[in-house]
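Analysis of the macromolecular model
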Amino acid sequence: MPDPKQIYYGGDYNPDQWPENIWQEDMRLFRLAGVNLVTLPVFSWAKLQPDEDHYDFTWLDRILDLLHENGIAVCLATPTAAQPAWMSRRYPDILPVDEQGRKRTHGKRVNICPNSPSFRRFSREIARRMADRYSRHPALAMWHVANEYGTYCYCENCEAAFRTWLRNRYKTVDELNDRWNTAFWGHTIYEWDEIVVPSERNDDNKWYQPIMLDYLRFMTDANIACFNNEADVLRAATPEIPVMTNMSGFIKKIDQFKMTASMDIVGWDNYPSPKDDRSLIAFKHDLMRGLKGGQSYLMVEQSPGQQNWQPYNVLKRPGEVRRLSFQAIAHGSDSVLYFQLRQSVAGVEKFHAALIAHAGHEETRVFRECARIGAECRRLGDAVTGARSPARVGILFDWDNWWALELSSGPSRDLQYLPTVVQYYKAFHERNIPVDVLPYSADFNNYDLLITPLMYLQKPGVADRITRFVRDGGHLLTSFFSGLVDENDRVILGGYPGGLRDVLGIWVEETDALLPGAANSMRIVAPDDYLQGPYRCSLLCDLVHLRGARALAVYGEDFYAGMPCLTEHDFGRGKAWYVATAAEDRLLADLAGKIIDQLGLKAPLEVPQGVEVTRRVKEGRDVLFVISHLMDETTIDLGPGPRTELLTGAQLRGSVTLPAGDVLVLQNTRNSQ
Ligand code: GLA
Ligand code: ZN
């Protein structure tokens, strides 16, 4: 992805939902708001292709020219997330069969079978025609394929494709029987054709984890194939133009490390709920940056105000969109893009905010705030586009692990991967220690500390690589319910946590699941400046035996009172910690404090609690983002400086007042490494 030289600012635009006489007014308002990029025509396939043999691109030609005349670039979307009704009717293989086994009728969007031959043929054809027509259009800045992939299908085409996929993966039926442990409940097969999709018609999606795990992998691959089916023709026409898609903020459905490997730049849609902890939003941004090894990404959508699909659609408070926008840039986004630019007149999204509200003019709170952000993005110029975000701490995240863990029947239905990972992340993020989110395949040697909460599923070689990393001087922080199964959800025998036993210096005999509301306590064996306790713990309690590690804390209650629940192990030149239970935030915060000091990790700037700071580096120059999440003003110390505040141009040093909810973007006047 070439450095965009500016923060992309704008978003989804649906001019085909409006009479053309409004387009001129749109241009005036876009310019006023600082819009420099619009995404279209995401859902306009029916308008672009009225029937099988006819296409009508004339209106799209006109709007692209108009945008270009107004100095606005285009993120050109293939419209394949919503196929025309005639297509579904004539080629019903396009319509998916849902998990309950029901053949869906035409409607909504992303309502496709990802293995449908007709869908593949028609979507490739419209992509090819768009590439032919617009590859030299001066407004074209990037390609956006379809919208928020994520359909699972259970139709006959998918079933056949699943069998082929399994054949490629396992080669022989015997190997599949072994890997799926089909001897359990008589699942043994003798012919590939005996495999059926794990829908609710047979309930294997609840009762048979090995098949479900592979189905999720297969559906990821099928959705990626749909993306590549179009991306290939776009790339052939315009090798220099990046191709991406916008991934849903509901990130569980598709393995996004795999998905983004096919994309030139990561794109995602950021729709936090008002109840989300700010660490969750920060984590998702860091995850997006991590998907392509630290490369900057695009925030392709966020709402400039109210949403419509939350149960309660709280207005974004004054300053909130600005704070969320700069938080995105602070974590690695090269864009601030909205859904959408003009608010719909009808349909399910008529109460979803837009840059241009139903009032139709610029005198609205939302427009004013967006125009301010647009002007500020322009002032930032290319100071941070494409910048890197150096980090010494890496947190591992893996989709197979996520799926397998939550598919597991027992020990507790309340076990959840994402919130647990975010809880560990938060302990470091709240101290403004930069964290990279890494795949299991990352080079661990670039880090001082690896955090691997709930590493339930062990991929081949990963435990060995982690063990070597610690032996050579690295540090590991991991949690309960780790190291249990292999890639096919088969338990690693010989005592938990499988391949991590040596590096952790423990073994786990059993895991107790606590009833809702029940708790145990963690008593610190030798309280120090960091760990005082007691701390509350709940959900799961591993019953741990020491094999070289020492106990930092023991359980306070129950028949396993006195058994270790937090351990530390010196291993080779490094150290490994194991948190054997779901500890309260305070324990993780205190433990993080201890580890941070032991490792000499530093925040980019010391600031009061509730102020977020990130550091980005471009061409040897540091840019610090300082974001207040506080309800009151506070004071921060910038040191002798001076630093240039890029949004205002002010030179700042020493003690500075930071108003509630405000943002500073500070460029060092000196160079860093
Ligand atoms: C999704 C879609 C958009 C729009 C928004 C509304 O992210 O990609 O088309 O529907 O939600 O929040
Ligand atoms: Zn299907």
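Above this text is the structure in question.
Reading the values: the criteria
- Residues numbered from 1 in each chain as written.
- Chains lettered and ligands numbered in written order.
- Predicted model: local features only at pLDDT ≥ 70, side-chain atom pairs only at ≥ 80, totals over all residues.
- Heavy atoms only, no water.
- Pairing = 2+ DSSP bridges.
- Helix = DSSP H or I, 4+ residues; strand = E, 2+ residues; numbered from the N terminus.
- Contact = heavy atoms within 4.5 Å.
- Axes fitted to C-alpha atoms, helices over the stretch in contact; angles between N-to-C directions.
- 1 Å grid on protein atoms, 1.4 Å probe; cavity = no way out; pocket = protein on both sides within 12 Å on 5 of 7 lines; lining within 4 Å.
- Points joined across faces, edges and corners; volume = space filled by probe spheres on them.
- Nonpolar A, V, L, I, M, F, W, Y, C, P; charged D, E, K, R; others polar.
- Buried < 20%, exposed > 50% of the residue type's maximum accessible area, 1.4 Å probe, protein only.
- Expected span 1.5 Å × (residues − 1).
- Near = heavy atom within 4 Å.
- Polar contact = N/O pair within 3.5 Å; in protein donor to acceptor, adjacent residues only side chain to side chain.
- Areas by Shrake-Rupley, 256 points an atom, 1.4 Å probe, with all protein chains shown as cover.
- Phe/Tyr/Trp six-rings, centres within 6.5 Å; stacked < 30°, edge-to-face > 60°.
- Lys NZ or Arg CZ within 6 Å of the ring centre and 35° of its normal.

**Side note on the sheet that holds strand β3 (residues 73–78)**
The sheet built from six strands is open, its strands ordered β5-β4-β3-β2-β1-β8 with parallel pairing. Of all strands in the sheet, those bounded by a partner on one side alone are β5 (243–244) and β8 (335–338). Sheet topology note: the β3/strand β4 (residues 140–145) ladder contains five bridges and is parallel. Looking across to β4, one finds that T78 is bridged to V145. Running at roughly 170° to strand β2 (residues 37–40), helix α3 (residues 58–69) makes contact with β2 and β3 of the sheet. Along the sheet face, helix α13 (residues 365–380) touches β1 (8–12) and β8 and points at about 140° away from the line of β1.

**Some thoughts on the layout of surface pockets**
Here the second largest pocket defines a volume of roughly 690 Å³. Taken together, 30 residues form the lining of the second largest pocket, with R317, G319, E320, R323 and L324 sitting closest to its centre. Here the lining of the second largest pocket gets five residues from one element, more than from any other, and that element is helix α12 (residues 320–331). Split into classes, the residues belonging to the lining of the second largest pocket amount to eleven nonpolar, nine polar and ten charged.

**Notes on helix α14 (residues 399–407)**
A large share of α14 lies buried, amounting to eight of its nine residues. Buried residues in α14 make contact with α8 (204–207), α9 (209–237), α10 (256–261), α11 (278–290) and α15 (417–429).

**Quick word on α13**
When the terminal C-alpha atoms of α13 are compared, their 23 Å separation across 16 residues agrees well with the 22 Å that a helix rising 1.5 Å per residue should span. Buried residues of α13: V366, F367, E369, C370, A371, I373, G374, E376, C377 and L380, and no others.

**Thoughts on the site of ligand 1**
Lining the immediate environment of ligand 1, one finds F43, R109, N147, E148, N246, D269, Y271, E301, W309, F339, E349 and H352. One nitrogen or oxygen atom from the side chain of Y271 is found 3.5 Å from an oxygen atom belonging to ligand 1. Between ligand 1 and the protein, one listed contact pairs an oxygen atom with a side-chain N or O atom of H352 at 2.8 Å. Taking 310 Å² as the accessible area of ligand 1 by itself, protein coverage stands at 96%.

**Quick word on the packing of aromatic side chains**
Remark: the centre distance and the inter-plane angle together describe each pair of aromatic rings, the angle taken between the planes. With the rule as written, the count across this model stands at 29 aromatic pairs. Taking the centre distance of 5.3 Å and the plane angle of 75° together, the rings of F397 and W402 count as edge-to-face. Here the two residues F397 and W402 agree in accessibility, since each one is buried. Chaining the aromatic ring pairs together yields one cluster made of F257, F283, F397, W399, W402, Y417 and Y425. Taking NZ or CZ as reference, K253 lies 4.8 Å from the ring centre of Y152, over its face. The ring of F444 has R465 sitting right over it, with the charged end atom 4.3 Å from the ring centre.

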